[in-house]
Amino acid sequence: MLSRIKDLATELAPRLIEIRRHIHSHPELSGEEYQTAAFVAGVLSSNGIHVEENVGKTGVIGELEGNGSNGRILAIRTDMDALPIQERAAVDFISRNQGIMHACGHDVHTTVGLGTAMILSKLSQEIPGKLRFIFQPAEEIAQGASWMVADGAMDNVDHILGVHVFPSIPGGSVGIRYGALTAAADDLEIIITGESGHGARPHKAIDAIWIAAQVITMLQQAISRTQNPLRPVVLSIGQINGGRAPNVIADSVRLLGTVRSLHPETRAELPNWIENIVKNVCDTFGGKYQVNYRQGVPSVQNDFTLTQILQSAAEEAWGSSCVQILPEPSLGGEDFSMYLEKAPGSMFRLGVGLKDTEVNYPLHHPKFEVDESAIITGVVTFAYAVCKYWNIGETTANLSSMAVASN
Ligand code: NI
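Because the structure is a prediction, the values reported are computed rather than measured.

### Notes on the domain arrangement of the protein
By the assigned domains, the protein splits into domain 1 (2-180 + 299-406) and domain 2 (184-297). Placing a centre on the C-alpha atoms of domain 1 and another on those of domain 2 gives a separation of 39 Å. Together domain 1 and domain 2 conceal approximately 750 Å² of surface at their shared face, both sides included; 69% is due to carbon and sulfur atoms. Three residues, Ser299, Leu331 and Gly333, lead the burial of domain 1 against domain 2; their summed loss comes to 58% of the area buried on that side. At the boundary of domain 1 and domain 2, one finds 0 salt bridges. Where domain 1 touches domain 2, the interface holds 2 residue pairs in polar contact (both at pLDDT 80 or more). Among the residues making up the side of domain 1 that touches domain 2, the classes are represented as 5 nonpolar, 6 polar and 2 charged.

### Notes on the side chain of serine 261
Structurally, serine 261 can be placed in strand β12 (residues 252-261). Not counting residues up to four positions away in its chain, the partners in contact with serine 261 are Ala183, Ala184, Pro232, Arg267, Leu270 and Ser299.

### Here's the deal with the confidence of the model for the protein
Residues of the protein with pLDDT of at least 70 account for 96%, and the chain-wide mean is 95. Scored below 50 in pLDDT, residues 396-407 makes 26 contacts in the model with residues more than four places away or belonging to other chains.

### Quick notes on the sheet that holds β12
The 4 strands lie next to each other as β10-β12-β8-β13, forming an open sheet whose pairing is antiparallel. With one partner strand each, in any of the chains shown, β10 (233-242) and β13 (288-297) form the two edges of the open sheet. The mean angle between the axes of side-by-side strands here comes to 15°, regardless of whether they run parallel or antiparallel. Relative to β12, strand β8 (residues 184-193) runs antiparallel, the two being bridged by 10 bridges. Each residue of the ladder has a partner; that of alanine 185, found in β12, is arginine 260.

### Quick look at the nonpolar core
Counting 66 residues, the largest nonpolar core has Ile119, Leu120 and Leu131 as its most contacted members. Dropping the residues within four chain positions of it, leucine 131 is found in contact with Gly62, Glu63, Leu64, Leu74, Leu120, Val386 and Trp390. Among the nonpolar cores identified, the runner-up in size contains 24 residues, and Ile223, Val253, Trp273 and Cys282 belong to it.

### A look at the sheet that holds strand β2 (residues 59-65)
Strand order in this open sheet of 8 strands is β1-β2-β4-β3-β5-β16-β6-β15, and the pairing throughout is mixed. Each edge of the open sheet carries a strand with a single partner, namely β1 (50-55) and β15 (323-325). Between one strand axis and the next, the sheet turns by 25° as a mean value, whatever way the strands run. Looking at chain direction, strand β5 (residues 159-170) and strand β16 (residues 345-353) are connected through 8 bridges and run parallel. Paired with isoleucine 160 across the two strands is glycine 345, which belongs to β16. Here helix α3 (residues 106-121) sits on the sheet and contacts β2, β3 (73-79), β4 (130-136), β5 and β16; the angle it forms with β4, its principal contact strand, is near 160°. Helix α9 (residues 374-389) contacts β3, β4, β5, β6 (174-176) and β16 of the sheet and is inclined by roughly 155° relative to β16.

### Focus on the pairing of β16
Burial runs high along β16: 9 of the 9 residues are buried. Of the two faces of β16, both are covered, the one formed by Gly345, Met347, Arg349, Gly351 and Gly353 as well as the one formed by Ser346, Phe348, Leu350 and Val352. Where β6 meets β16, 2 bridges bridge the pair, whose relative direction is antiparallel. Opposite glycine 175, over in β16, you have arginine 349 as the bridge partner.

### Notes on the packing of aromatic side chains
Counted under the stated rule, the structure contains 5 aromatic pairs. Plain terms: the ring middles of phenylalanine 336 and tyrosine 339 are 6.1 Å apart, the flat faces sit at 50° to each other, and that makes the pair tilted. For the ring pair phenylalanine 348 and phenylalanine 382, a centre distance of 5.2 Å and an interplane angle of 80° mean the geometry is edge-to-face. In this pair, phenylalanine 348 is assigned in strand β16 and phenylalanine 382 in helix α9, connecting sequence segments 34 residues apart. Across the pair, exposure class does not vary: phenylalanine 348 and phenylalanine 382 are buried alike. Between lysine 57 and the ring centre of tryptophan 147, over which it is positioned, the NZ or CZ distance is 3.9 Å. Stacked on the ring of tyrosine 389, the Lys or Arg arginine 72 has its end atom at 4.7 Å from the ring centre.

Rules used throughout
- Residues numbered from 1 in each chain as written.
- Predicted model: local features only at pLDDT ≥ 70, side-chain atom pairs only at ≥ 80, totals over all residues.
- Heavy atoms only, no water.
- Domains from an automatic or database assignment.
- Buried area = accessible area lost by both parts, 1.4 Å probe.
- Salt bridge = Lys/Arg side-chain N within 4 Å of Asp/Glu carboxyl O.
- Polar contact = N/O pair within 3.5 Å; in protein donor to acceptor, adjacent residues only side chain to side chain.
- Nonpolar A, V, L, I, M, F, W, Y, C, P; charged D, E, K, R; others polar.
- Helix = DSSP H or I, 4+ residues; strand = E, 2+ residues; numbered from the N terminus.
- Contact = heavy atoms within 4.5 Å.
- pLDDT = per-residue confidence, 0-100.
- Pairing = 2+ DSSP bridges.
- Axes fitted to C-alpha atoms, helices over the stretch in contact; angles between N-to-C directions.
- Core = buried A, V, L, I, M, F, W, Y, C linked by side-chain atoms within 4.5 Å.
- Buried < 20%, exposed > 50% of the residue type's maximum accessible area, 1.4 Å probe, protein only.
- Phe/Tyr/Trp six-rings, centres within 6.5 Å; stacked < 30°, edge-to-face > 60°.
- Lys NZ or Arg CZ within 6 Å of the ring centre and 35° of its normal.

What follows is the structure, encoded as structure tokens:
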């Protein structure tokens, strides 16, 4: 089965490069993926895959019926949106849309999703269940997955697989991570209210800027003294607004920040923990406060069995030297976790680092580039993982029965 998949992938490779370059040069912002979605729908339906458009606003779902003897549905999710960045990469398929760039590799993800669908559409008679290809919009604003889920993308799905490019490892390699892959990313707003007054007479006023400074300092110190150091919490205040003039004491300050954590239990305690610190500082100095804590996406927690399936698929396809078990999670956010609220799954990292360059620019950089050979690595890894999931073309029932057990 593996060699069949590899042959099909080799045959498809030129077309997939073409697809990726087309998507790369026509990037669209989150929630505006109209042309990308239409393109994806076209490729899917021309491969005999049942297509549903306008799911979760601009999302697309492709459903591939197997031979139906097993009712399970396995989903494969990729994302389609680009970023508000002016591309400066030295490629001849540079973005044609002013100020918009595929700087996070979602063009590669979409292509890998399509390539996997194209290959598996040729093997559908051997697939005992159903495959659902989810092409989601708006990952960059952490909302597309929620839109897709709200529109039923995860209805009846048993397990889900995902992928994200990773420039820190070379093209041709795959990063596997057990457990936490990304962090919960929550939004924080703190409003501190004091009393305005003359800058020369602080004792007749309540200085909201000074209290805000204490709040920030205290939050950072409290992380180091009251949070379990083995359960990371990152709190970054990225924006402060307050005050009207150099000699007028500010009566109000607004702080905006992001809060990252890996452990669900830690995350659950953070709103109260933050509010307590803000309250104590404000009470001490006579200020009033309001804390608005908005939960964003949860942490991506990779399911053990599905991760094992991805790892063994990648190792058999590419050799174990091409598979890295990633020792650390990222504190970035990824809305793949919204699907994991509905069914267990796993997301792998697809190495896209260029080998013949001194600098591999990071994700979201205007010069970000990928090693396009990674597309085939991704497609074969996904397609073969699907075979392993259903135990297609194998004699042992090991992985398949484990997959059922984790259900
Ligand atoms: Ni991304």
